[in-house]
Amino acid sequence: MTLTSPETVGETRGLPTMGPEGTRLLRLLDDTFEGWGVAAGARPMTMPPLLPAAELAKLDYYDNFPHQAVVATSLDLERRASDPLSADTGRFPTAALEPAALGLPSASCYAVYLTHQGHRVADDTLVTICSWCYRKETHYEGMRRQLGFRMREIVAIGAQQHAEHHLADFTARIHAFAAALDLPLRKEAACDPFFDKGTSKAVLQRLTPVKYEFLYEDLAIASVNTHRNFFGDRCDITLESTGGPAFTSCVAFGLERWLSALTRRHGSWESATQAVLDANARLRADASLAAGPVI
């Protein structure tokens, strides 16, 4: 099949598909980012694709990101007969649906915090996951902006120093990888309303940003995020060492957005894939040289 665009085989309302070339590159990138996490000591985990809406609400998700929220429910079988799927709109009317009790999260890390809810953790806990995420957008565009997409995250849970070191370490990794890829990125503070506007945490966020994005041209393809002890408090995640609330931070990679950036930069799936292979080889060689000879 000859692709008319290097980004996608087809696209329907923010749900594009990929052929073998794009699939190969996505897997290569995900293996790369997961490998960074595992090398740092992260435990790979698999999270559910849906989360209870009530649990997400406890994390202020629907207060802070109502414009992105997507929920899921089942059909009301008694009402469906009188309110069937519309042939004109392709939609079920609201009356034909059960109340929505499930949320499709917009980021992978929410499931990590809810999974560790009520647990005591080591001061240096690391987890890495890749999950489908969902965001309602004003418009959709190829691999750049999607309704459903994959996000690889490496999440730190533990002492404040651990959470802060995690972001510093992976910021350096992202810069080194981008340089090896010949992919010019700029780091900018993001303005996501992570904390409730009226809280002291929100005031502190405006003074000290909690999220930085790495942008290729106008597209954010990765981010580093600090949550301080917000999730530790809300999810009752405590430290084995002190019993106090855990601090958390995460590093996130929007995989499809990386595909878009790399194909725009390098022109084709083949060239983009080779660039990632070469960059990985270069960084491994640099790490080997930095470690010095084994005596």
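Residues numbered from 1 in each chain as written. Predicted model: local features only at pLDDT ≥ 70, side-chain atom pairs only at ≥ 80, totals over all residues. Heavy atoms only, no water.

**Q** Please set out the sheet that holds strand E6 (residues 124-134) residue by residue, giving values where relevant.
**A** Ordered in space as E1-E6-E7-E12-E10-E9-E8, the seven strands form an open sheet in which the pairing is mixed. One side of each edge strand has no neighbouring strand; the edge strands of this open sheet are strand E1 (43-44) and strand E8 (186-189). Pairing between strand E7 (residues 148-158) and strand E12 (residues 247-254): eight bridges, direction antiparallel. Directly across from Val155, in E12, lies its bridge partner Cys250. Helix H6 (residues 160-181) contacts E6, E7, E8, strand E9 (211-216), strand E10 (219-228) and E12 of the sheet and is inclined by roughly 20° relative to E12. (Pairing = 2+ DSSP bridges. Helix = DSSP H or I, 4+ residues; strand = E, 2+ residues; numbered from the N terminus. Contact = heavy atoms within 4.5 Å. Axes fitted to C-alpha atoms, helices over the stretch in contact; angles between N-to-C directions.)

**Q** How would you summarise the side chain of Asp76 if you had to cite specific residues and measurements?
**A** Locating Asp76 in the fold gives a position in the loop between strand E3 (70-72) and helix H4 (77-80). Setting aside chain neighbours within four positions, we find Asp76 in contact with Ala96, Leu97 and Glu98.

**Q** I'd like to hear about the layout of surface pockets, residue by residue, with values.
**A** When its volume is computed, the second largest pocket comes out at roughly 580 Å³. Around the second largest pocket sit 13 residues that line it, and Arg13, Val70, Val71, Arg91 and Leu147 are the ones nearest its centre. Considered class by class, the residues forming the lining of the second largest pocket number nine nonpolar, one polar and three charged. (1 Å grid on protein atoms, 1.4 Å probe; cavity = no way out; pocket = protein on both sides within 12 Å on 5 of 7 lines; lining within 4 Å. Points joined across faces, edges and corners; volume = space filled by probe spheres on them. Nonpolar A, V, L, I, M, F, W, Y, C, P; charged D, E, K, R; others polar.)

**Q** Can you tell me about the packing of aromatic side chains, naming the residues and giving the values?
**A** Inspection of the entire model under this criterion finds 14 aromatic pairs. For the cation-ring pair, Arg173 lies above Phe170, with the distance from its terminal atom to the ring centre recorded as 5.0 Å. Note that Lys187 overlies the ring of Tyr212, its terminal NZ or CZ placed 4.7 Å from the centroid. (Phe/Tyr/Trp six-rings, centres within 6.5 Å; stacked < 30°, edge-to-face > 60°. Lys NZ or Arg CZ within 6 Å of the ring centre and 35° of its normal.)

**Q** Give a description of H6 that names residues and reports values.
**A** For H6, spanning 22 residues, the distance from its first C-alpha to its last is 32 Å, which sits close to the expected 32 Å at 1.5 Å a residue. The complete set of buried residues in H6 reads His162, Ala163, His166, Leu167, Phe170, Thr171, Ile174, Phe177, Ala178, Ala180 and Leu181. Where H6 terminates, the next one or two residues include Asp182, which has phi positive at roughly 55°. (Expected span 1.5 Å × (residues − 1). Buried < 20%, exposed > 50% of the residue type's maximum accessible area, 1.4 Å probe, protein only.)

**Q** Could you give an account of the state of the cysteines, naming the residues involved and the relevant values?
**A** Per the counting criterion, the structure on display carries zero disulfides. Counting only cysteine sulfurs, Cys250 is the nearest neighbor of Cys109, a cysteine outside any disulfide, at a range of 4.1 Å. Counting only cysteine sulfurs, Cys130 is the nearest neighbor of Cys133, a cysteine outside any disulfide, at a range of 8.1 Å. Looking at Cys133, the relative accessible area reads 0%, which means it is buried. (Disulfide = S-S within 2.5 Å.)

**Q** Give me the pattern of salt bridges: which residues, what numbers.
**A** Applying the stated rule across the entire model yields 14 salt bridges. With a closest N to O distance of 3.3 Å, Glu137 and Arg145 form a salt bridge. For Glu217, the salt bridge goes to Arg264, with nearest N and O atoms at 2.8 Å. Placement of the pair is Glu217 in the loop between E9 and E10 and Arg264 in helix H9 (residues 255-266), with a sequence separation of 47 residues. What makes Glu217 partly exposed here is its relative accessible area of 36%. Among the charged side chains, a network of salt bridges with common partners joins Asp30, Glu34 and Arg152. (Salt bridge = Lys/Arg side-chain N within 4 Å of Asp/Glu carboxyl O.)

So far we have only geometry, and geometry alone does not tell us how the molecule works.
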